[in-house]
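# Commentary on secondary and tertiary structure
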Amino acid sequence: MAEVAAAVEKSRQRLTQRRAAVPVPEYPEELPVSARRAAIAAAIEEHQVVVVAGETGSGKTTQLPKICLDLGRGVAGTIGHTQPRRIAARSVATRIAEELHTELGQTVGFKIRFSEQSGGNSLIKLMTDGILLAEVQSDPLLEQYDTIIIDEAHERSLNIDFLLGYLKQLLPRRPDLKVIITSATINTERFAEFFDGAPVVEVSGRTYPVELRYRPLLDEEDDKKEADPQQGMLDAVDELGRIDPLGDILIFLPGERDIREAADALHKHRMRDTEVVPLFSRLSAAEQDKVFRPHRGRRIVLATNVAETSLTVPGIRFVIDTGMARISRYSHRTKVQRLPIEPVSQASANQRAGRCGRVSAGTCIRLYSEEDFLARPEYTDPEIRRTNLASVILQMMLLGLGDIEAFPFIDPPDRRFITDGFRLLHELGAVDKHNRITRAGRMLARLPVDPRIGRMLLAADREKSLHEVLIIASALTIQDPRERPLDAQQAADEKHRRFADEKSDFIAYLNLWDYYHEQARHLSHNKLRKLCRKEFINYLRMREWHDIHGQLLSQVRNLELTPNKQEADYDAIHRALLAGLLSNIAHKDEREQKGPPQKKQRRKPLTEYLGARNIKLAIFPGSSQAKRAPKWIMAAELVETSRLFARDVAQIDPAWIEPLAGELVKRSYLEPHW
């Protein structure tokens, strides 16, 4: 009894301490959410779940946690606040801490993959949705939280859908828990219905009227033919220049290649006082930051759909929308995650148009017809409808959430994708033939990486190549640190050639890692940064790679795996990698090479390969193996753009496949022949 009394007293003291630490929030009057503060607070008081709808710029992300503090939340437990992106979790935490006049890591903290700055006394904790999902394993009732805010729920990523389903099941067991879902004004009724008629509080964004102009790409001489898209873009730029020759323009394009081509066309168009700036996620941080720096004259920003909701480009007066984007889709037929260019949904097109109504009245030119717009789907398919579900199934099994087909998803996944998810887990040895999780599956679920990469690490322990495979595996989880700036591609290729290996793109990662760490031993931080810039290596991504490697190293040690002290050979490294990439093997299609002689072409045609399930593919031209065209290869990923490409490729010995694939191999017996 004395122990219980002591524990109760300790808990009472902690509550008193936390209550005393609550700062008095202030609300910036210029933010639209401040005007709706009373309505939001009343809804939170009266309901367990509240949906807050408002566009970017309404202030909902930074002000909602402060409204919760005013209501006395964050004392009995923490206010958990999720963001879809790491960069947002960190920057939002910094902003809220500033507004509450406290140091980051005290009242307000954040936790993202491989980085945490929050303490036991934090009242508000920002994190990625993936982190909250991972915490479910050790805290199934989420008892450390008294309030959970799921931000940007309209993005409908896998993690968001998973969290919403989990919270729906959890709420009856946690009547004290409050859940707030924020969304752009996209399909908010779905969230309200899903949570049994939760109230929706609308918050208007800071917007001005936007005039829409439809300029479909039609040939002047033949209406049925489509005109040149680049000419259509240039005509739109000229049209907007007549409204305001200094007004900044944001142009939405499907991908990086389109951005490069558009930049070339705009430079040749010879416009006065105009700067052209690209914006896509693979750019270096310095190149991305260019968009946010003050400038003279007119600026034209060429962006992918990263500028739709996740990044706000300041000062945009006009938008030109090509109406297309690369959208990641899992192909049930080829079992490959594809990146096709396709028309964006009406909701995405409206988000794009809204980007030019932030500073003053704007104009958006759509390079397609109004009929085309009205014929498009209303919303983009949620990620769960277009992705491989292997890691989702594995996490659900580990968390004991039962059958994926019975889980309350807002949009249940396609049954064929569930079958494919189980097929991949079966290939990796993570489930048995009855679809029950195996010992290897439990180990894979504890590693914070894709199951394929986790499987490489388990095999590397057996192959005595864990030291090398840890470096390669952590590289495969980040964007390539080698940069190819638009204006210096040849110079970058020259610098990167020193890392290339004649048989494997994976070994190039080891060479880059060794080179960087050798330089880091002798140089100061400042000199190392300068060297990286000179060598076209992204310093921040190298740091991220280093951090992820450190985290994975501690995770594999927790699983009692031991990195090798002696250097592993090529075979041991690549057999381990192959364990996670069995469905990404291919052999040269000799039938293709033996056809009739081709007419002389300016560019040598790509060598055809035949992959698992008889899919046809080619080695990505940027690979060290593209010109060598080895007989048997494996690839880190197969990506479909203009065609199906194998990226990060290595030569393999076909004799390695059978022992790893076991019962996945089809066998045929032939009469012996010479």
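Just above sits the structure.
A brief report on the enclosed structure follows. From a predicted model like this one, the values you see are computed outputs, not experimental measurements.

### A short note on the environment of Ser-504
Relative to the elements of secondary structure, Ser-504 occurs in the loop between α19 (489–496) and α20 (505–522). On the basis of relative accessibility, which here comes to 0%, the residue Ser-504 falls in the buried class. Put simply, Ser-504 and Leu-552 are 48 residues apart on the chain and 23 Å apart in space, counted from C-alpha to C-alpha. Once residues lying within four places of it in the same chain are set aside, the contact partners of Ser-504 are Tyr-570, His-574, Ser-624, Gln-625, Val-649 and Ala-650. Within the local environment of Ser-504, its side chain forms a polar contact with the side chain of His-574, the two groups lying 2.8 Å apart.

### A short note on the pairing of strand β1 (residues 49–54)
Counting buried positions along β1 yields 6 of 6 residues, so the element is predominantly enclosed. In β1, alternate side chains face the same way, and those of Val-49, Val-51 and Ala-53 on one face and Val-50, Val-52 and Gly-54 on the other are all buried. Relative to strand β7 (residues 178–183), β1 runs parallel, the two sharing 5 bridges. Opposite Val-51, over in β7, you have Ile-181 as the bridge partner.

### Looking at a positive patch on the surface
On the surface, a cluster of positive charge is contributed by Lys-527, Arg-529, Lys-530, Arg-533 and Arg-543. Sort the elements by how many residues they give to the positive patch and helix α21 (residues 525–534) lands first, with 4 residues. Tracing the backbone through its elements, the reader meets Arg-543 in helix α22 (residues 539–558). Exposure remark for Arg-543: the relative accessible area of 37% places this residue in the partly exposed category.

### A few points about the sheet that holds strand β11 (residues 274–279)
With parallel pairing, the 6 strands of this open sheet are ordered in space as β9-β18-β13-β10-β12-β11. What marks the edges here is a single partner per strand, and that holds for β9 (210–214) and β11. Strand-to-strand, the axes of this sheet are offset by a mean angle of 20°, without reference to chain direction. In this sheet, strand β13 (residues 316–321) lies alongside strand β10 (residues 248–252) in parallel orientation, the contact comprising 5 bridges. The residue bridging Ile-249 from the neighbouring strand is Phe-318, located in β13. Along the sheet, helix α9 (residues 229–243) makes contact with β9, β10, β12 (298–303), β13 and β18 (362–366), crossing β13 at roughly 155°. This element, helix α10 (residues 256–268), spans β10, β11 and β12 of the sheet and lies at about 155° to β12.

Parameters and conventions
- Residues numbered from 1 in each chain as written.
- Predicted model: local features only at pLDDT ≥ 70, side-chain atom pairs only at ≥ 80, totals over all residues.
- Heavy atoms only, no water.
- Helix = DSSP H or I, 4+ residues; strand = E, 2+ residues; numbered from the N terminus.
- Buried < 20%, exposed > 50% of the residue type's maximum accessible area, 1.4 Å probe, protein only.
- Contact = heavy atoms within 4.5 Å.
- Polar contact = N/O pair within 3.5 Å; in protein donor to acceptor, adjacent residues only side chain to side chain.
- Pairing = 2+ DSSP bridges.
- Patch = residues over 30% accessible without salt bridge, like charges linked within 9 Å, V, L, I, M, F, W, Y side chains within 5 Å.
- Areas by Shrake-Rupley, 256 points an atom, 1.4 Å probe, with all protein chains shown as cover.
- Salt bridge = Lys/Arg side-chain N within 4 Å of Asp/Glu carboxyl O.
- Lys, Arg positive; Asp, Glu negative; His and termini not counted.
- Charge placed at Lys NZ, Arg CZ, Asp CG, Glu CD.
- Axes fitted to C-alpha atoms, helices over the stretch in contact; angles between N-to-C directions.

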